[in-house]
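Structure assessment
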Amino acid sequence: MEVADVVESNWKAMRMLDVFLKVPEFSVGTTPSEVVYTEDDMRLLHYIPLVKSPYPVPVLIVYALVNRYYILDLQPDKSVVRKLLEDGLDVYIIDWGYPSGVDRYLTIDDYVNGYLDNAIEKVRELSGAEKISLFGVCQGGTFSVMYSALHPEKIRNLATMVTPVDFDTDDGLLHVWAKSLDADKIVDAYGIVPGNLLNTGFLLTDPFRVLIDKYVGLFEKIEGNSDDEEGEQENQETVKNFLRMEKWIFDSPDQAGEAYRQFIKDCYQKNLLIKNEMMLNGKRIDLRNITMPLLNVMGEYDHLVPIAASKPLNDAVASTDKETMVFPTGHIGMFVSGKSQREICPKISSWLRTRSGNDSS
Amino acid sequence: METTDLQASHDFFELWEKAYDATYGRIIDVPVMGPTREGADRLRKNFEATINLHAAWAQSIASFQSAFMEATRRTQEKMEERVAEEGVSPSSYKGYYDLWMETYSETFREFLKSRFFATDLAKLTSNSMDFQKSSRELIEENILRPANLPTRTEIDDLSKEVYLLKKRVKELARELRSSTEK
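Analysis parameters
- Residues numbered from 1 in each chain as written.
- Chains lettered and ligands numbered in written order.
- Predicted model: local features only at pLDDT ≥ 70, side-chain atom pairs only at ≥ 80, totals over all residues.
- Heavy atoms only, no water.
- Helix = DSSP H or I, 4+ residues; strand = E, 2+ residues; numbered from the N terminus.
- Rg over C-alpha atoms; globule rule 2.2 N^0.38 Å.
- Buried < 20%, exposed > 50% of the residue type's maximum accessible area, 1.4 Å probe, protein only.
- Contact = heavy atoms within 4.5 Å.
- Lys, Arg positive; Asp, Glu negative; His and termini not counted.
- Charge placed at Lys NZ, Arg CZ, Asp CG, Glu CD.
- Areas by Shrake-Rupley, 256 points an atom, 1.4 Å probe, with all protein chains shown as cover.
- Core = buried A, V, L, I, M, F, W, Y, C linked by side-chain atoms within 4.5 Å.
- Polar contact = N/O pair within 3.5 Å; in protein donor to acceptor, adjacent residues only side chain to side chain.
- pLDDT = per-residue confidence, 0-100.
- Buried area = accessible area lost by both parts, 1.4 Å probe.
- Salt bridge = Lys/Arg side-chain N within 4 Å of Asp/Glu carboxyl O.
- 1 Å grid on protein atoms, 1.4 Å probe; cavity = no way out; pocket = protein on both sides within 12 Å on 5 of 7 lines; lining within 4 Å.
- Points joined across faces, edges and corners; volume = space filled by probe spheres on them.
- Pairing = 2+ DSSP bridges.
- Axes fitted to C-alpha atoms, helices over the stretch in contact; angles between N-to-C directions.

Attention now moves to the overall build of chain A. Tallying secondary structure elements over chain A gives 14 helices and 14 strands in all. Compactness check: chain A gives a C-alpha radius of gyration of 22 Å against a globular reference of 21 Å for 361 residues, within 12% of the reference. Within the span of chain A, comprising 361 residues, buried residues form 58% of the whole. Considering only residue pairs separated by 6 or more positions, chain A has 78% of its internal contacts joining residues 24 or more positions apart. Of the charged side chains in chain A, 37 are positive and 55 negative, and the gap between their average positions amounts to 5 Å.

On to the overall build of chain B, then. The secondary structure content of chain B amounts to six helices and zero strands. For a compact globule of 182 residues, the expected C-alpha radius of gyration is about 16 Å, and chain B comes in at 27 Å, more than 25% above that figure. Dimensions of chain B, computed from C-alpha atoms along their principal axes, come out at roughly 80 × 65 × 25 Å. Counting all 182 residues of chain B, 31% fall into the buried class. Partitioning the contacts of chain B with sequence separation of at least 6, the portion at a separation of at least 24 is 73%. When the accessible area of chain B is evaluated, it comes to approximately 11,800 Å², of which 61% is carbon and sulfur surface. Where the 27 positive side-chain charges of chain B centre and where its 32 negative ones centre are 9 Å apart.

Residues and elements named next belong to chain A. By size, the foremost hydrophobic cluster in this structure holds 62 residues, and its most contacted members are Leu60, Trp96 and Met146. Per-element tally for this core: the top contributor is helix α3 (residues 108-127), with eight residues. Once residues lying within four places of it in the same chain are set aside, the contact partners of Leu60 are Leu44, Tyr92, Ile93, Ile94, Leu116, Ile120, Val123, Ile132, Ser133, Leu134 and Phe135. In this structure, Tyr47, Ile61, Ile93 and Ala159 belong to the second largest nonpolar core, which totals 42 residues.

The next subject is unusual backbone geometry. Residues and elements named next belong to chain A. At Asn276, a position not held by glycine, the phi torsion is positive, near 60°. When you line up the elements, Asn276 lands in the loop between α10 (257-269) and β11 (279-280). A relative accessible area of 11% places Asn276 in the buried class.

Relative to the helices and strands, A:Asp117 resides in helix α3. On the accessibility criterion, A:Asp117 (4% relative accessible area) is buried. In terms of polar contacts, A:Asp117 uses its side chain to reach the side chain of B:Arg174, at 3.2 Å. With residues near it in sequence (within four places) discarded, A:Asp117 still touches A:Val112, A:Tyr147, A:Lys154 and B:Arg174.

The subject of this paragraph is the confidence of the model for chain B. For chain B, mean pLDDT is 89; residues scoring 70 or higher make up 96% of the total. For this predicted complex, the interface score ipTM comes out at 0.86, alongside a pTM of 0.91.

So, on to the interface of chain A and chain B. Size of an interface, as often reported, equals the accessible area lost when the parts are brought together. The interface of chain A with chain B comprises 37 residues on the first partner and 35 residues on the second. In this assembly, chain A packs against chain B so that about 3,100 Å² is buried in total across both faces, 58% of it on carbon and sulfur atoms. If you look at where chain A meets chain B, you find eight salt bridges. A salt bridge links B:Asp130 to A:Lys185; the nearest nitrogen and oxygen atoms lie 3.0 Å apart.

This next bit is on the layout of surface pockets. Taken as a whole, the second largest pocket encloses approximately 980 Å³ of empty space. A:Asn113, A:Gly114, A:Asn118, B:Lys170 and B:Arg174 are the residues nearest the centre of the second largest pocket, which is lined by 33 residues in total. At the level of elements, β1 (33-39) and α3 of chain A together with α6 (152-181) of chain B are the ones that each hand at least two residues to the lining of the second largest pocket. The leading source of residues in the lining of the second largest pocket is α6(B), at twelve residues.

A separate point is the pairing of strand β3 (residues 59-62) of chain A. All names here are of chain A. Of the two faces of β3, the one lined by Val59 and Ile61 and the one lined by Leu60 and Val62 are each fully buried. Where β3 meets strand β7 (residues 132-137), four bridges bridge the pair, whose relative direction is parallel. For Val59, the partnering residue across the bridge sits in β7 and is Ser133.

Hydrogen bonds between backbone atoms are what pair the strands of a sheet, whose relative direction is either parallel or antiparallel. Residues and elements named next belong to chain A. Strand order in the open sheet formed by eight strands is β1-β2-β6-β3-β7-β8-β13-β14, and the pairing between neighbours is mixed. Of all strands in the sheet, those bounded by a partner on one side alone are β1 and β14 (322-327). This sheet shows a mean twist of 20° between the axes of neighbouring strands, independent of strand direction. Bridge count between strand β13 (residues 294-299) and β14: six bridges; the pairing is parallel. When the bridges of β14 are listed, Leu295 appears paired with Glu323. Across the sheet, helix α4 (residues 139-150) touches β3, β7 and β8 (155-161), and the angle it forms with β7 is around 140°.

The structure is reproduced here in structure tokens:
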């Protein structure tokens, strides 16, 4: 390495530092909303409609307990929520909150037949709609499937995105690892399962890419931009959006122990849901009770919820109006990629809108 | 990836555990007697949990080490192939980095999907939880309780009471609402 190379490297480092020093404040989940219902840690948010007369059938988005709901509204120009609102839909979302020690005994039944059912009741009351659309994402999709099978009379349409229902697959590493985990010991030792423990599992699915290459990519992108004002502006946006994603990835709520125990044992290990053998508080979840229109959306390169885990849902339900959409993207790409905004959201929105009018049945 | 090294390290640790159980492990199992029996027994169990945790940890490290060595070997092999084909090694940092990243990611993907990693992970998690539980019991019984301080177990009991009470209140509120609606 010559002296000129050292000087050049120092300049690059200085420029990088300069970019990080100038990054303005950033926020997530900025689409205007109001809290319309709370219960313990759970909050139900209603997004302020962007059109005068939204479609009469409201959409309730149910996200996973792991990580936070605002991935669907991470940044203003890449927001699933905003896209649905722009298309005239009336959108609600559940924020599960951050469980603490007192929540360790919450079960899946408490989430599905308790919090979710109460949120749905509230949405029905506020909107005046007898039935609503459920849009479940990831584990939130699994809960939505359970709910729709138990309370089909309240659900007009069911849309699921990257939702595992058939856990007996070796396509995703989480499915392979979960089979050998002793959930009883984890829950008995921790009570509330630390979010960081689960996050470590997610990071391990592709450690070099997510712990090294991602950051190298950021620096390369900054380095590639020009030195002028336009380049500086672009760098600030890049870092801001990168930090939004960083915040989301490491904002991992702890998990209610009993719900975690049941999810690992009944779903990942015994695969009861797809066999119509899963029980919630003594009631069997029979997927054949799902007769409402179903949209099942998945990512071709999803390494957390592989297609094999989602696809069987369509064959397990009794709906006649059912559709599968597969997009060439990964798990996170479903929510925040350019493709998400250009292709995925418009298609989901269109599917919902055609089934959200007064006359649709 | 080649599983020979992984199998060898698993065989080694299996042998080590058998040898430990047959020798030092038996000494640890000797029953404790006397007025401090209960406290000493908890210490003994915690020692056993510590040994098991360290053994599982060492086994996991050994497996990771094998995967790292395999990834390094493959990277070197690819470098040599490239030199043979193009006459030069990657001239820039970026060229080498891309090769390294691709090879390491691919090798670790295979390792993380192997039965060896799943077994290591399950064992390490299980032993880690045993250690946590045993340490908690030790601290609660040998330190907190004699000092008349609340323990995690007592707080858990209270949490359960609160959970059940809240559940009951919600059920009653629901019943009241539906009877009022009728």
